[in-house]
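Here are the chains, one letter per residue:
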Amino acid sequence: MAFTVYNTLTKKRELFIPRQPDEVTLYTCGPTVYNYAHIGNLRAYVFEDLLKRVLLLNGYAVKHIMNITDVGHLTSDADEGEDKMTKGLRREKLPLTLEGMKILAEKYTNAFNADLKKLNIIPPTLQPKASEHVAENLKFISDLEKKGFTYRTSDGVYFDTSKVKDYGKLAPTYQEAEEHARIKKGEKKHPRDFALWKFNKDLGWDAPWGRGFPGWHIECSVMASKYLGKQFDIHCGGKEHIPVHHTNEIAQSEAAWGKKPWVKYWLHHEWLELGGEKMAKSGENFITLSTLEEKGFHPLDFRYLCLGTHYRKPLMFSYEALEGARQARRRLVERYLQLKKSTKGHKKVRLEYWERFIADVNDDLNTPKALATMWDMLHDDDVKEYEKYSLLLRFDAVLGLHLKEEKPQVEKIPAAVMQLAKERLEARKRQDWKKADQLREEIRKLGYIVGDTKEGYELMKG
Ligand code: AMP
Ligand code: ZN
């Protein structure tokens, strides 16, 4: 079935056709590891995980690179302000050295990967670090210099955007051009020119132009092409990257390697917002996955919430919305546990709902529609229980709600929960549904989900 995506580069919906028939090369901008990831960042990685799962569903192998920015990202995406890692070192009272940077990066990279795991995100093929690719960056800058694309100022080596005829092709809208023109010019020939190398006597690496560290955009160009080739299939990131970061990645990569297009499909997600504003690491409205867990939510409640909004629409975060996602996910797990126990053997499954589901996700990752298809299937009395079970597992390979892997943890369940579950079973036997529902609620309040099975019940954490 045809997989179509919205390509920011061409500004239209397109049929997805990778460069190689069986393998997709995918690059996603990774975290700047100077602080914990917030749930806005995590929306990005849930979206990219969905994309990857849909590519797998369509039969492609996926080579996925996600970088770790552990140097070079300034507080403004446009080369201004302080280095974010330096800011992190100061905050944590670590030495302002490369060694200190390494300690800081390791701490937040580990925390980040733990979050990905909790969200059931498939790990990337490789997670290269910017700080380990400085030699490649230096070579890249030298190549651009030889080709006449660079110039020096007192604070670094800059890319001369006037040398690129189609500069800005990713974001040629009036507003974005305006926004970009506001970037301070300083000694630059044009405000849009950007740093390839920033001088810094205290912190950094030796280079032919002077000691310093690489610019932020360069690391993505260098690492993407080192591992995926001079041209590759898909590049993802948040929509704020369109006018600056990704525009500059394209300009320097196509200049250095002389091949167009550097990337065939550009996919950008919308932001997660709180109180009408983008959630940002530098802002005050900063919520982490741990905050949600402390409030009693399961990380997969957040994944379910993300699935309910299309990736190109803003996700307005609220605890009420998250509570809604929690209720829906719990109902789903309860239903799954029921179906799991009632189905034995391998019988043929009718595939109408499966085809509908594939059409939904292949339609530019329409997960809200795919969730609706899933619930329609579960509510359809004409679909047999064993079919529902089989279909649900297929759907979950894409949705990633971790149903199959969820093992009921009977041995770890507290006695109070076990007691309530037993009382509930008795109530069900008496057909006292009101009491049974009331006990289900009590069990939920203690953080467990009860699923009805032929033999009795099954409990799991939720
Ligand atoms: P950073 O760690 O800030 O470099 O960002 C990592 C990823 O998170 C990038 O793809 C950003 O576009 C994305 N991102 C940052 N803030 C948000 C947000 N509020 N909503 C969605 N994505 C975001
Ligand atoms: Zn990037």
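In this text the structure is predicted, and so the values were computed from the model without any measurement.

### Some points on the site of ligand 1
Ligand 1 sits among 20 residues. The nearest are Glu240, His269, Leu272, Met279 and Lys281. Between His269 and ligand 1, the recorded distance is 2.9 Å, taken from a side-chain N or O atom to a nitrogen atom. Protein coverage of the free-state accessible area of ligand 1, which is 490 Å², stands at 95%. For the shell around ligand 1, the secondary-structure elements that each account for two or more residues are helix 1 (39–57) and strand 9 (232–238). Here the element with the most residues in the shell around ligand 1 is helix 1; it accounts for four residues. By residue class, the composition of the shell around ligand 1 is six nonpolar, ten polar and four charged.

### Brief notes about the pairing of strand 1 (residues 4–7)
Sheet analysis places strand 1 next to strand 2 (residues 12–15), joined by four bridges and oriented antiparallel. Counted as the bridge partner of Tyr6 is Arg13 from strand 2. Linking strand 1 back to strand 2 in an antiparallel pair, the connection comprises four residues, with Lys11 at a positive phi of about 60°.

### As for the environment of Leu138
Among the secondary structure elements, Leu138 is positioned in helix 4 (residues 134–146). Leu138 gets classed as buried once you look at its relative accessible area, which sits at 18%. Leave out the neighbours within four places in its chain, and Leu138 touches Trp197, Asp206, Ala207 and Trp209.

### A short note on the side chain of Arg335
Tracing the sequence through the fold places Arg335 in helix 10 (residues 319–342). In this structure the side chain of Arg335 is engaged in a polar contact, spanning 2.7 Å, whose partner is the side chain of Gln338. Polar contacts involving the side chain of Arg335 include one to the side chain of Glu385, which spans 3.3 Å. Residues in contact with Arg335, not counting those within four places in the same chain, are Leu378, Glu385 and Lys388.

### Some words on the pattern of salt bridges
Applying the stated criterion across every chain, the model contains 32 salt bridges. One salt bridge in this structure joins Glu323 and Arg326, with 2.8 Å as the shortest N-O distance. Residue Glu323 and its partner Arg326 are both found in helix 10; the two are separated by three residues, about one turn of the helix. Judged by relative accessible area, Glu323 falls into the partly exposed class, the value being 25%. With its nearest N and O atoms 3.3 Å apart, the salt bridge here joins Arg335 to Glu385. With a gap of 50 residues between them, Arg335 in helix 10 and Glu385 in helix 13 (residues 385–399) connect regions that are remote in the sequence.

Criteria and thresholds
- Residues numbered from 1 in each chain as written.
- Chains lettered and ligands numbered in written order.
- Predicted model: local features only at pLDDT ≥ 70, side-chain atom pairs only at ≥ 80, totals over all residues.
- Heavy atoms only, no water.
- Near = heavy atom within 4 Å.
- Polar contact = N/O pair within 3.5 Å; in protein donor to acceptor, adjacent residues only side chain to side chain.
- Areas by Shrake-Rupley, 256 points an atom, 1.4 Å probe, with all protein chains shown as cover.
- Helix = DSSP H or I, 4+ residues; strand = E, 2+ residues; numbered from the N terminus.
- Nonpolar A, V, L, I, M, F, W, Y, C, P; charged D, E, K, R; others polar.
- Pairing = 2+ DSSP bridges.
- Buried < 20%, exposed > 50% of the residue type's maximum accessible area, 1.4 Å probe, protein only.
- Contact = heavy atoms within 4.5 Å.
- Salt bridge = Lys/Arg side-chain N within 4 Å of Asp/Glu carboxyl O.

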